[in-house]
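Results of the structural survey
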Amino acid sequence: METPKILAIPVKLDVFVFNAAVCGGAGTTVDGNKDKAKICPITQPNYTFLRFERSMVQNDILNFTDLHKTSPAPYNSRFTDIGSQKPHYNRRGVYLHWIVPKPYRSGTTISKESQQGVKREQAGGDPQSAPEDELPSVADDSSAPDFNPAPPRWLVIRKVEKSDPPHVLPKVDAWVIESDRRQSLDEIPTSVDLQVEVSPFIHGSDAEGLDNAKLEQQAEVFIGYKAAAKGWVEPEGNPNIDPRPLRVDLNLVNSSNQLFPDYQPHNTNVFSMVDNLQYGVDKDNKPLVVTTATVSYYVLGWHSSDSQDLFNLDPEDTVSRGSRLSALNMVLNQTDEATKAGVEAWLGSKDPTRVICHGAMYNVLWDIDNKPPIVPADIYHSKLNKDMPVSVGTTPMDALLTYVRSHVNPDETASKEDDDLKEVEQDLLRIQKLLHARDDGVDAQNEADDIVYNWNYASTAGGGHYFLAGADSQKGGRPTAPPQPDIDNLAVVNGQQRYLDTLSRQLQATRWDMFSLWWQYMSDGIPPDPDKTKETIGKLTNKIQTLMRHINYMAKEVQKSAATLHPDLAKVGVLPNFYQARDPTMLVAGIESGWPHDYLEALQVRVDTQLFVASNAPPLDQSWTEFCNNIIQPKLPASLAEAAQVLVKEFLTLSPNNKTTPTPNPGSLNPLYHDRDKAHFLPDGTPPWRDRWESCQPWFPLFLEWQAEYTHIGLTEWTLGPRSSWHSDPVKLRYGIKPDVDLASLEIKDKRTLSGRVLILPQPNFNLQTIVNQILENTPADQLPLTPAQERELRDHLSQLAFLSSPLSGFTDHLLTRVQGNHVKPNSRTPGGNPTPFQAAIEVGQEAGFARHQLSMMGIQTDLVPYGTLVPYLDAHFCPFKPVTHGQFRFTALNIIDKFGQAIHAIDPTPTPDTVGPLPLYPCISEYYTPQQSPGDPSSANTVVADKKHLCQYVQLPPSINQPSRLNAAFIEYDDGAGWRPFTEWENPIWGWVVPNYADNGVQLFLPDGTFYREIRPGGPSGATESGAWLPFAPPSPTKDADDPNIHQLQLFADKLSDKDYLQSFITMLNLSLGTAAPPPTAYSELMSSLIGKPLALVKAGFSLELASSPLTSTSTLEGVPQDPAMPLLPSDKDRKNHYRFALQLGDSSRVYDGLIGYFLPSQSPSAGDTLDLTTIYTHFTPPSESVPKHLTRIAMENYPILSPFWIDPMIDEIANAQDPGAAYTQHWNSNLSPLGALIDPFVPVHTYTGILPTGALQVPNWTWQLALSKMTAFFHMGPLVLTKDVPGFNPNHALTTNYNLTQNVLYPKCAVGIPALQSGDWAWLQAYSVLNGSKEGGGKDAQTEYMPLAIGKVDDRPRFEDAPYCAVEGYLQLRRAIVQDKP
């Protein structure tokens, strides 16, 4: 058995052919690319913008791609020197780019073994932070991840299959790429083309040593070096080379350019190379290039030093090769018996070893005068402009389903001519509901709509919260009521924790304020007043220091208070998250992603004993033998040379040009990319080989640049209510334009131009496949709306579904006058370390007050850049800052650029007059973003600019707060003196129960614990009869009656029900609600629905709309531009009335999973026991007629509760200087709750809908109804009833008590009341008696009513004559078991 040593990592190699024809032709009169893909001019990152020089900084080092006039070739600066009009012959040729393998793209936490960790240890550890008295320490996850260095050596081998002229090129040739070789501009010969032979790069340097002089040199640093392999020798460790070339620590994030590893124009001779196919020069010194050729390429990559290798393990450590392999998301084949034992031994070893990367591309066609036969970019450009397959949704899944719904009819049967992808789209539409729910019931799928809606929002942490775990199993799972000291301590620690979280969030916001101030100082062209700037900086410095001191103090207080809680019961939980609407997601369908379909899977690697070896492989000819002897053996590290030679032989053996098919030896495995592509197809539908060029230019869309025109529509034009969107049938609660408002007629002028650049990543495609596979595997066959054939079709062809998806990142940031981009930051982040200010940043800002101390205060809050003066062309009539989004936008530019610079555009980039504007793009628009129909023309959308019938280019963005916020919802109680407060988890939020009594057409009221209170039923002189309190049961103790505010509130409610109109309205509401009532939990028996209705709970709930941090403000400093928005988020000191308010809808009558029956407004002057205005009940359940019963008000847009956002400044004196700041902050927080009373179904939650935040839910704990309902019984009034025998006299020993136990035999013995058609064992008769002094029957003013339970006697239906006298009785018929009980 051979012992494996080396690990071989596959690399995906792509090859792009570049000539004049690719740029649109060599002539100037005919543009061959007019209606085809364009070739982008080379725009390299401008690292000059990363200097710490005032008025030189920019928000991004990359300019947007300019596609105007990029063809034909004489007009394209990439191919032609525009000044001299001479072609760049050195840029013509074959471009190779290899995708850096995934293990080099993953960041890891800092560890002793990490590369950066070793370097810092060698340097003496991490830099010391500022003294504690200068800068209080606050826990902050500010360290950067540690990335594995990429291989810095690459050997590119070219094999010429044929050429014209023949034999002018060597049969085999090779070049070595030194990816990490650093050169300054002065060191680079003038003959070197800086755009295609080297790559600009930011050379990392110690932050404290990077002064302005060194920083200025950064713009002149380049990396990358190509040399002919014949003359190259490894410089590292070679004593014959002096001086040795300078190097950079090369990983994929060091360049400060997110496009660096994958965009070929930015990484020439680092991760890519151009082969000019030149064989000499002519008499005019012009290059001689073969006219046509077929060539194959092979790439090998390795680390020049074994200390940088992925498997540079420490034999003394516990990490094995197998563990390291798994951590890097790579996998070895262990199924082949020929190599299994060796592989297992290799995986178990802890010894260091080496890796070698390899990739191949066979049969690349070169034609100096013509385009490649197949150019996918041209095909996709035509499709994009002809079909406009663009959709906009809230998430990638929503955007995809939006597109599918717009183009596919799920009820149609695909014809034989329809392709597999059409079938896949139809199948997706069939299972679209199951993409969000596992149940095929209507209600579950409607609930899934709410879940989907919630995905429209991104979440941030809501803060910590302590609670006491543990429950009493004897009390229905009710949380154990702890001793009062624990209750008091818990209230203290939770108040402190809430306050601490608020301080921490505000610190983050204030850190960014410091960075914003620094950026404005650096970017403004006009020097600021130094004294005024210092004063502003000083105030901000004091604010941050004060926040940090309070955070440190409160963190200690929380720790101290938490220690007072019972250690076995105290647990740390979380409060609900804050949310903010996501940027819209755009999807372009029918355009393939360039990422390998298996890129996100574990990378399939091989050890050297698994490399492909064939017994019938042809022997190496002389040229290849010499190549191995002269290049492979001496040039590569000795430990890798043998494996490299086997890989070269593998490259030759697997060539499709061989006459015989190779027969692999036992244990040999094909390399990963030597297979047919499952996701990318040739125009004829053939799946291409992934390591063959197939006469096809590559297509690898890498990033997308977009531009949009946003029009801000005033909030007064919007309403929240049930409505459908244009061309959309479902009626849902959503914000929309008022039905009578014609937007086009308003001629709105408040417009903004927004733009952004986003990377195209493989995740959306991969996530779709994962979700669909989970559904197919987990959904029962009888619930899956697919036939077996359709399911197979979906599984087999889902990966072929082509689409590009990406969020419009930066959209909301622009509305907040903030912008994304790669820009200079004053601090350096190192793996495992804290941000350290650059010396150059200190030097430039110290005069204005930005010393080391202030720069350190920014922490890591430096990603977004304020507008300052960098964003011009803002309308002086409108504030560019929008605290809340509510408007419409349309695309004005949409470009997709691939990794070789091929670009396709959805909108013609040719400039047009401002009065005309760009050509329209009509995307498929998600239901959430679709405008309503025009009030004057149902066939047109209601948009800010009138459009053609049945077409809509505008995407409507409903109102959403542009910073994290949350809807707080809690059950609450009113305490005299303290006001409203939320209930704790062991308090019962229910203040009463309502049970409909169908037998009497009345209503029964119960206390929270299930104790009967009284009954109200129609009849009597006033039209409504109210029974005596507690009857037929004995009253509770007088103390409870006198002190319990629940009883007082319940009595006030009973008084209202005693009014016949109120009672009739109430019963009408209850009857109408039956149609949407949810069933009780399956663990319990069915309700006695023929006798009584479902028990309903009376609760009080509070709602508030909270901001996570202080309201954001405009950062534009352009002169003449308004700073304050027309409507601020919170009230200002100037105008307390002008601010945003948002409607709240409670419940939904169309959803059975919603528990709201009705709600009451709060009392204007609340007091304990009298907190609600019970006069009017707001409900969804009113008769459909126009006449709504008195005392009922239909919940509608005009009466929605209104919430104003709030934020409590944690540093105001009455909080920050209070004896207990946490308690003071909690009191302020509670005061913002808006109270309501509600009648709810206890089995399901009450849902809250705002239209600006995710759907919320509020539900009583299970134990609240488990305890109460187990005590309630069904009983109803009956009589007068004629009996043939008198009932027994009153016996106080058998009187009905408050704690009457139904299941025990407590009935009066040897006496029964005969009632036909009843099962005697299930029922009891409650007989009323007039009693004096609680023991003797009698009348008079001192008499009281008592009840005694009697058995029900068996009576048949036969007529008979009983002896007189007869007796007439009146009482209650009672069921002798709880209305809800455990199933046996």
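The structure displayed is predicted, hence computed values, not measured ones.

The rules we used
- Residues numbered from 1 in each chain as written.
- Predicted model: local features only at pLDDT ≥ 70, side-chain atom pairs only at ≥ 80, totals over all residues.
- Heavy atoms only, no water.
- Helix = DSSP H or I, 4+ residues; strand = E, 2+ residues; numbered from the N terminus.
- Buried < 20%, exposed > 50% of the residue type's maximum accessible area, 1.4 Å probe, protein only.
- Contact = heavy atoms within 4.5 Å.
- Areas by Shrake-Rupley, 256 points an atom, 1.4 Å probe, with all protein chains shown as cover.
- Pairing = 2+ DSSP bridges.
- Expected span 1.5 Å × (residues − 1).
- Salt bridge = Lys/Arg side-chain N within 4 Å of Asp/Glu carboxyl O.
- Axes fitted to C-alpha atoms, helices over the stretch in contact; angles between N-to-C directions.
- Parallel < 35°, antiparallel > 145°, perpendicular 65-115°, else oblique.
- Nonpolar A, V, L, I, M, F, W, Y, C, P; charged D, E, K, R; others polar.
- pLDDT = per-residue confidence, 0-100.
- Phe/Tyr/Trp six-rings, centres within 6.5 Å; stacked < 30°, edge-to-face > 60°.
- Lys NZ or Arg CZ within 6 Å of the ring centre and 35° of its normal.
- Polar contact = N/O pair within 3.5 Å; in protein donor to acceptor, adjacent residues only side chain to side chain.
- Left-handed = near helix turned anticlockwise from the far one by under 90°.

A short note on the overall build of the protein
Helix and strand counts for the protein stand at 24 helices and 66 strands. Taken across its 1384 residues, the protein has 55% of its residues classed as buried. A separation of at least 24 residues holds for 79% of the contacts in the protein among residues at least 6 apart in sequence. Element-wise, carbon and sulfur atoms account for 50% of the exposed surface of the protein, whose accessible area totals about 59,300 Å².

Regarding the sheet that holds strand E11 (residues 181-184)
Within the open sheet, the 4 strands sit side by side as E12-E13-E11-E15. Their pairing is antiparallel. Strands with a single pairing partner mark the edges of an open sheet, and in this sheet they are strand E12 (199-200) and strand E15 (246-247). As defined by bridge partners, E11 adjoins E15 across 2 bridges and the pair is classed as antiparallel. For arginine 181, the partnering residue across the bridge sits in E15 and is arginine 247.

Focus on helix H11 (residues 622-635)
Every α-helical turn comprises 3.6 residues, leaving residues that sit three or four positions apart pointing alike. When the terminal C-alpha atoms of H11 are compared, their 19 Å separation across 14 residues agrees well with the 20 Å that a helix rising 1.5 Å per residue should span. Looking at H11, one finds that the buried residues are Trp624, Phe627, Cys628, Ile631, Ile632 and Lys635. Contact partners of the buried residues in H11: strand E9 (153-164), strand E10 (172-178), strand E19 (292-302) and helix H12 (638-653).

As for the pattern of salt bridges
Working definition: two side chains of opposite charge can pair if their charged atoms are close together. Under the counting rule described, the total for this entry stands at 37 salt bridges. Of the charged contacts, one joins arginine 890 and glutamate 709 as a salt bridge, the two residues approaching to 3.1 Å between their closest N and O atoms. Taken as a pair, arginine 890 in strand E40 (residues 884-898) and glutamate 709 in strand E31 (residues 701-712) lie far apart in primary sequence, 181 residues in all. On the accessibility criterion, glutamate 709 (17% relative accessible area) is buried. The shortest N-O distance in the salt bridge between arginine 966 and glutamate 1106 comes to 3.1 Å. Taken together, the positions of arginine 966 in strand E44 (residues 965-975) and glutamate 1106 in strand E50 (residues 1096-1107) put the pair 140 residues apart, joining distant regions of the chain. Accessibility expressed as a relative area gives 2% for glutamate 1106, which makes it buried.

Quick look at unusual backbone geometry
The peptide bond linking serine 71 to proline 72 adopts the cis configuration, its omega dihedral lying at 0 degrees. With omega at 0 degrees, the peptide bond leading from aspartate 164 into proline 165 counts as cis. Relative to the elements of secondary structure, proline 165 occurs in the loop between E9 and E10. Of note, the phi angle at asparagine 329 is positive, near 60 degrees, even though the residue is not glycine. With respect to the helices, strands and loops of the structure, asparagine 329 is situated in the loop between helix H3 (321-327) and strand E20 (330-332). Residue histidine 1191 is not a glycine yet carries a positive backbone phi of 80 degrees.

Focus: the packing of helix H20 (residues 1045-1057) against helix H21 (residues 1060-1073)
Two measures define how a pair of helices packs: the angle their axes make with one another and the distance between the axes. At a minimum axis distance of 6 Å, the contact between H20 and H21 shows a crossing angle of 100 degrees. Taken together, H20 and H21 sit at an angle that is classed as roughly perpendicular. Together, Phe1053, Lys1056 and Leu1057 of H20 and Tyr1062, Leu1063 and Phe1066 of H21 make up the contact between the two elements. Grouping the constituent residues of the contact of H20 with H21 by class yields 5 nonpolar, no polar and 1 charged.

Looking at the pairing of strand E1 (residues 7-10)
Here E1 shows no split at all, with Leu7 and Ile9 on one side and Ala8 and Pro10 on the other all buried. Two elements, E1 and strand E30 (residues 603-607), share 2 bridges in a ladder whose sense is antiparallel. The residue bridging leucine 7 from the neighbouring strand is valine 607, located in E30.

Points about the sheet that holds strand E60 (residues 1256-1258)
Overall, antiparallel pairing links the 3 strands, which are arranged E52-E59-E60 in an open sheet. Where the open sheet ends on each side, the last strands, each with one partner, are strand E52 (1145-1146) and E60.

Describing the pairing of strand E58 (residues 1234-1240)
Of all 7 residues in E58, 6 are buried, a share of seventy percent or more. The pairing of E50 with E58 spans 7 bridges and is classified as antiparallel. Along E58, the bridge assignment pairs alanine 1101 with leucine 1236. Relative to E58, strand E53 (residues 1156-1167) is paired through 4 bridges, and the arrangement is antiparallel. Note on E58: the bridge partner recorded for leucine 1156 is isoleucine 1240.

A word on the confidence of the model for the protein
Averaged over all residues, the pLDDT of the protein is 85; the fraction at 70 or higher stands at 87%. Predicted confidence for residues 414-418 stays below pLDDT 50, and this span has 2 contacts to residues more than four positions away or in other chains. Counted against residues more than four places away or in other chains, residues 436-445, with its pLDDT under 50, gives 22 contacts.

Points about the packing of aromatic side chains
By the definition in use, this model includes 39 aromatic pairs. With 4.7 Å between their ring centres and 20 degrees between their planes, tyrosine 298 and phenylalanine 651 make a pair best called stacked. With tyrosine 298 in strand E19 and phenylalanine 651 in helix H12, this pair connects stretches of sequence that are 353 residues apart. An aromatic cluster is present here, built from Phe16, Phe18, Phe79, Tyr95 and Phe900 joined pairwise through their rings. One cation-aromatic arrangement involves arginine 78 over phenylalanine 18; the distance from NZ or CZ to the ring centre is 4.9 Å.

Things to note about the environment of serine 296
Note that serine 296 resides in strand E19. Taking the C-alpha atoms as reference, serine 296 lies 7.6 Å from alanine 360; in sequence the two are 64 residues apart. Here asparagine 363 takes part through its backbone nitrogen, which lies 3.0 Å from a polar atom of the side chain of serine 296.

Digging into the packing of H11 against H12
Two elements in contact, H11 and H12, have axes whose closest approach is 10 Å; the angle formed by their N-to-C orientations is 150 degrees. Remark: the crossing between H11 and H12 carries right-handed chirality. Residues Trp624, Cys628, Ile632 and Gln633 of H11 touch H12, and the partners they reach there are Ala641, Ala644, Gln645, Val648, Phe651 and Leu652.

Digging into the side chain of serine 1065
Position of serine 1065 relative to the elements: it lies in helix H21. The class for serine 1065 is buried, based on a relative accessible area of 3%. A polar contact is formed between the side chain of serine 1065 and the backbone oxygen of aspartate 1061, at a distance of 2.9 Å.

Concerning the environment of isoleucine 775
In this structure, isoleucine 775 sits in helix H14 (residues 763-778). In sequence terms isoleucine 775 and isoleucine 431 are 344 residues apart; their C-alpha atoms lie 8.8 Å from each other.

Quick word on the environment of leucine 815
Along the chain, leucine 815 turns up in helix H16 (residues 811-815). Taking the C-alpha atoms as reference points, leucine 815 and arginine 752, separated by 63 residues in sequence, lie 8.3 Å from one another.

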